[in-house]
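Observations on the model geometry
So you can see what is in the structure, the chains are spelled out below.
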Amino acid sequence: MDIELTDDGSINWKRSPGGLVTALEPVMQAADGAWVGWSGGPDFEVPPFEGDGMHLVPVTLSAEEIEKYYEGFSNDTLWPLYHDVIAPPAYHRQWWDAYRRVNQRFADAAAAQAAQGAVVWVHDYQLQLVPKMLREQRPDLRIGFFDHIPFPPLELFQQLPWRAQVLEGLLGADLIGFQRAGDASNFIRAVRRLTDRPTRGPIITMPDADGRPGRHVRAASFPISIDSAHFDELARTPEVQARAKEIRADLGDPEVVMLGVDRLDYTKGIRHRIKAYGEILQDGRIDVQGATLIQVASPSRENVGAYQELREHVEGLVGRINGEYGEIGHSAIHYLHHSYPPEEMAALYLAADVMLVTSLRDGMNLVAKEYVAARSDDRGVLVLSEFTGAADELAPGALLVNPHNIDGMKDTIVAAANMDEREQRRRMRKLRKRVLADDVTKWSDSFLGVLTAMPSRQDHV
């Protein structure tokens with residue numbers, strides 16, 4: 001959450017960009033619970049408050065902790081390590097110390113909010129130590145953890161100097177959820193190799209206070225989704241449909257509108273996508289006068305060096321392609337370095353004939369599901385990287401690509417641009433059936449149902 005105080009002392013807040021908040025907001029609005037999260041700024045102390053039907057509990061971080069815990073260990077150590085080392089991770093002991101310290105603060109805040117025997121659901125790689133810390137304070141709690149990003153293969157995870165502490169932290173949970181079955185398998189393999197905890201299938205057995213077999217931890221996949229019915233309804237409103245037509249008119253009513261929507265992150269394959277599109281124009285396989293690419297790149301982690309370099313590279317690439325192929329009144333690529341509200345995103349999805357999701361590695365990618373949910377007209381083509389969690393569910397209707405294979409991706413993009421309406425409808429109907437059925441409520445109900453059904457076995461005293 002990003003919070004600010006107004007001149008009259010009241011609190012304004014807005015959602016942070018990214019899939020986690022988008023997915024969890026409707027879940028929390030339907031629950032009678034508290035959302036513990038970072039307030040979004042340095043040294044910003046705000047008491048708990050009510051907002052958009054949720055009880056929000058801000059946690060304060062200092063400027064140094066933001067630098068070392070968030071920008072450092074979370075996003076310059078764990079993020080690249082967990083995303084196949086696309087960028088080299090940095091390992092600094094001071095960052096680890098900050099990570100451990102901030103995780104303890106979150107655990108303390110959750111322990112103070114939770115009622116006796118409550119369920120606490122911890123989310124994502126920034127808080128992997130919280131489950132154990134929380135269990136040490138509150139053994140009465142039922143604790144779940146969900147990892148929104150990939151969990152790396154053992155051969156990569158072993159690089160982490162604090163690998164044992166991270167595994168022990170996660171094993172404080174009763175249920176550990178992952179996006180894909182492969183991620184859960186990677187975690188089980190790491191536990192088997194790097195700890196002495198016995199495993200049997202998806203179950204890890206933890207010792208009690210006397211060293212005897214105690215409680216069980218389950219690791220399994222729970223693919224996350226979106227509030228698909230809400231997005232479907234939003235895209236059907238006259239205002240959004242009118243805005244979609246306006247977007248196409250502003251672009252000069254091209255024959256084909258292609259769209260990419262991403263955080264500006266090196267895992268999203270934005271450079272590969274733009275390179276492929278530029279080569280398609282160079283080859284003359286798509287007429288620049290009849291097609292355009294809109295690339296929405298939301299600002300992300302702008303104080304991390306790798307992200308600054310990515311922005312410079314992407315913007316340089318866009319400028320070169322527009323310089324070579326753009327014309328007066330028509331750009332080959334419309335590059336937008338902003339975040340947009342859901343209404344504008346729905347209009348963009350409706351305006352786009354082809355959605356390009358070309359991540360090099362992605363836990364799920366909810367943009368792909370948002371595009372499908374918005375297409376109540378059964379039109380449009382989804383080009384989807386096989387390295388996204390979404391590919392496991394959407395393969396029957398999407399056109400799958402390997403973004404490292406530029407020539408193969410070019411062929412698929414051209415095929416998507418030229419796909420006839422009948423084939424579009426056949427594919428989109430399959431996609432919509434899946435996305436509308438497997439929504440965020442089903443996901444959260446599934447995870448929490450398994451968590452609450454697990455037998456309670458506390459350590460012997």
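A brief structural summary. Computed from a prediction, not measured in an experiment: that's the story for all the values here.

Here the focus is the environment of His216. Among the secondary structure elements, His216 is positioned in strand β11 (residues 213-221). Here His216 falls in the partly exposed class, since its relative accessible area comes to 30%. With 51 residues separating them in the primary sequence, His216 and Thr267 have C-alpha atoms 34 Å apart.

Turning next to the packing of helix α10 (residues 270-283) against helix α11 (residues 305-325). Two measures define how a pair of helices packs: the angle their axes make with one another and the distance between the axes. Contact geometry of α10 with α11 gives a least axis separation of 10 Å together with a crossing angle of 10°. Taken as axis vectors, α10 and α11 run roughly parallel relative to one another. Contacts from Ile270, Arg271, Ile274, Lys275, Gly278, Leu281 and Gln282 in α10 reach Leu310, His313, Val314, Leu317, Val318, Ile321 and Tyr325 in α11. Across the contact of α10 with α11, the residue classes break down as nine nonpolar, three polar and two charged.

Right, let's talk about the sheet that holds β11 for a bit. The strand order across the open sheet formed by six strands is β6-β7-β8-β11-β10-β9, and the pairing between neighbours is mixed. Every interior strand has two partners, whereas the edge strands, β6 (119-123) and β9 (199-200), have only one. Where strand β7 (residues 142-146) meets strand β8 (residues 175-178), three bridges bridge the pair, whose relative direction is parallel. Considered in β8, the bridge of Gly144 is made with Leu175. Packing of helix α7 (residues 181-194) onto the sheet brings it into contact with β8, β9, β10 (203-207) and β11, and relative to β11 it is tilted by some 145°.

Another point: the sheet that holds strand β16 (residues 381-385). An order of β14-β13-β12-β15-β16-β17 is seen for the six strands of this open sheet, with the pairing classed as parallel. Each edge of the sheet is formed by a strand with only one pairing partner; in this case those strands are β14 (333-336) and β17 (399-401). Within the sheet, the average angular offset between the axes of one strand and its neighbour, ignoring direction, is 20°. Strand direction decides the pairing type here: β16 and β17, joined by three bridges, are parallel. What sits directly across from Ser385, in β17, is Val401. Sheet strands in contact with α10 are β12 (256-263), β13 (291-298), β14 and β15 (354-357), and its direction is about 160° off that of β12.

What follows covers the packing of aromatic side chains. In this structure the tally under the stated criterion is 22 aromatic pairs. On the basis of an interplanar angle of 50° and a centroid distance of 5.6 Å, the ring pair of Trp79 and Tyr125 is categorised as tilted. Taken together, the residues Trp79 in helix α2 (residues 63-82) and Tyr125 in the loop between β6 and α4 (130-137) connect sequence positions 46 residues apart. Of the two residues, Trp79 and Tyr125, neither departs from the other in class, the shared state being buried.

We now examine the side chain of Ser385. Secondary-structure assignment places Ser385 in strand β16. Given the relative accessible area of 0%, Ser385 is considered buried. For Ser385, the contacting residues outside a window of four places in its chain are Val357, Thr358, Ser359, Ala391, Val401 and Pro403.

Turning next to the side chain of Arg427. The topology assignment puts Arg427 in helix α16 (residues 421-437). Of note is the side chain of Arg427, whose polar atom sits 2.9 Å from the side chain of Glu423.

This paragraph deals with the pattern of salt bridges. Applying the stated rule across the entire model yields 41 salt bridges. A salt bridge links Arg361 to Asp84; the shortest N-O distance between them is 3.2 Å. Here the residue Arg361 occupies a position in the loop between β15 and α13 (366-374), and Asp84 occupies one in the loop between α2 and α3 (93-113), the gap between them amounting to 277 residues. With relative accessibility at 11%, the residue Arg361 sits in the buried group. Among the ionic pairs, Asp97 bridges to Arg100, the shortest N-O distance being 3.2 Å. With Asp97 and Arg100 both in helix α3 and three residues apart, this pair spans about one turn of that helix. Judged by its relative accessible area of 34%, Asp97 falls in the partly exposed class.

About the thresholds
- Residues numbered from 1 in each chain as written.
- Predicted model: local features only at pLDDT ≥ 70, side-chain atom pairs only at ≥ 80, totals over all residues.
- Heavy atoms only, no water.
- Helix = DSSP H or I, 4+ residues; strand = E, 2+ residues; numbered from the N terminus.
- Buried < 20%, exposed > 50% of the residue type's maximum accessible area, 1.4 Å probe, protein only.
- Axes fitted to C-alpha atoms, helices over the stretch in contact; angles between N-to-C directions.
- Parallel < 35°, antiparallel > 145°, perpendicular 65-115°, else oblique.
- Contact = heavy atoms within 4.5 Å.
- Nonpolar A, V, L, I, M, F, W, Y, C, P; charged D, E, K, R; others polar.
- Pairing = 2+ DSSP bridges.
- Phe/Tyr/Trp six-rings, centres within 6.5 Å; stacked < 30°, edge-to-face > 60°.
- Polar contact = N/O pair within 3.5 Å; in protein donor to acceptor, adjacent residues only side chain to side chain.
- Salt bridge = Lys/Arg side-chain N within 4 Å of Asp/Glu carboxyl O.

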